[in-house]
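Descriptive structure summary
One letter stands for each residue in the lines below.
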Amino acid sequence: MKKESLTEVLTADRSERLDRFLHRHIGGSRNQVEQLVKKGFVEVGGKPVRKAGYRVSPGEEIRYTIPGEPDYEAQAVDFDVPVLYEDDEILVVDKPSGLVVHPAPSVREPTLVDWLKAKGINLSTISGEERHGIVHRLDKETSGAMVVAKTNEAHEKLSAQLRDKSMGRYYVAVVDLPLKRSGIVEGNIGRNPANRLKMGIVSGGKYAKTRFEKLLESERSRYELIGAKLFTGRTHQIRVHLASMNRHIVGDGLYGFKSTNDRIKRILLHAYILYLDHPRTGKTVQFVAPIPRNMMQTMEFRFEKEKIDEILDPCAFLRRFDDRCDRLLDEERGRYAGDPT
């Protein structure tokens, strides 16, 4: 049965943060209360307040509305999504290129959420009906590793990891011109005023930071295989930061890749390795999403296969960025040796 919206009025009995007041009176998770405030469903003294840290005073009236469920009808799916890992708390999938993560007013096709529901998989409900289980997302054109929360507790813990950067991804891409050097790119990202379909480095945008690593150049240095590590999670971040250096991901016509000779079926950007702390055990784990065949075929046309395999060995790839893989291997060796830690 569809839930209708609920509106109630409360009176503050002491001075405290708005989110703490609401949590104390209506329950729910901290994240749910915070989203209620941020989305404009809370008024103090008759005026909308969107800051969870707003301080209410004794005697002030607080009106809140818990919205009803939207009119959402799951679409039929005729595809499958590879599963990399599953337990009672999380599901890790390898999202194909061309698949939208969740429904939206502009989306007219089945999504990853539709697939999850069609499979009857238990999902968290914190993000609402249309985004059940979705903790983070990938662009439609980008493939690769994504974690889905199956419980609200797991969702909250994973969301906290996104904020404190203890969860993240490493990407593989092919660009149309080699980078001058490996290194960090920083630039505030916001909506491109000249093209609303694109993002750009703009004044007043949100801070964004990406690390790029040169991996393998093609003959005559026409293309390059690169790795990327996000320190922030802005829309189109890798694509925007590359465009700021006049580099473009092969297949990405939106941000400037142009070629009349290539028939590219997809953007050559893939979320290769996902790492996180398991929400139940607290153990750091990582998942590798194999390079999709349609992307690998294009890569093998431009680079030597033996070199690709060597460079994209997961541990060899990660060592380009940090010692994460070595630390995980040391932990595994300790467990197998009977180390009580």
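Being a predicted model, the structure only gives us computed values, none of them experimental.

Okay, the packing of helix H1 (residues 18-26) against helix H2 (residues 30-38) next. Close contact between H1 and H2 brings their axes to 9 Å; oriented N to C, the two are set at 120°. Classified by the interaxial angle, the pair formed by H1 and H2 is oblique. Relative to H2, H1 is oriented so that their crossing is right-handed. On the side of H1, the interface is formed by Leu18, Asp19, Arg20, Leu22, His23 and Ile26, while H2 contributes Arg30, Val33, Leu36 and Val37. Of the residues belonging to the contact of H1 with H2, the class tally is six nonpolar, one polar and three charged.

The residue Phe212 is located in strand S14 (residues 209-217) in this model. For the pair Phe212 and Arg181, spaced 31 residues apart in sequence, the C-alpha separation works out to 8.5 Å.

Moving on, we get to the nonpolar core. Within the largest apolar cluster, 56 residues are counted, with the highest numbers of intra-cluster contacts made by Leu112, Leu116, Ile238, Ile249, Met299, Leu312 and Phe317. In terms of residue count, strand S10 (residues 168-175) provides more of this core than any other element does, six residues in total. Leu10, Phe21, Val33 and Ile62 belong to the second largest nonpolar core, which has 14 residues in total.

The subject of this paragraph is the state of the cysteines. Counting across every chain of the model gives one disulfide. Paired through a disulfide, Cys315 and Cys325 show a sulfur-sulfur distance of 1.7 Å. Between Cys315 and Cys325, the S-S dihedral sits near -45°, and the bridge is therefore left-handed. Placement of the pair is Cys315 in helix H8 (residues 314-319) and Cys325 in helix H9 (residues 324-336), with a sequence separation of ten residues. The class for Cys315 is buried, based on a relative accessible area of 13%. Judged by relative accessible area, Cys325 falls into the buried class, the value being 4%.

What counts, and where the lines are drawn
Residues numbered from 1 in each chain as written. Predicted model: local features only at pLDDT ≥ 70, side-chain atom pairs only at ≥ 80, totals over all residues. Heavy atoms only, no water. Axes fitted to C-alpha atoms, helices over the stretch in contact; angles between N-to-C directions. Helix = DSSP H or I, 4+ residues; strand = E, 2+ residues; numbered from the N terminus. Parallel < 35°, antiparallel > 145°, perpendicular 65-115°, else oblique. Left-handed = near helix turned anticlockwise from the far one by under 90°. Contact = heavy atoms within 4.5 Å. Nonpolar A, V, L, I, M, F, W, Y, C, P; charged D, E, K, R; others polar. Core = buried A, V, L, I, M, F, W, Y, C linked by side-chain atoms within 4.5 Å. Buried < 20%, exposed > 50% of the residue type's maximum accessible area, 1.4 Å probe, protein only. Disulfide = S-S within 2.5 Å.

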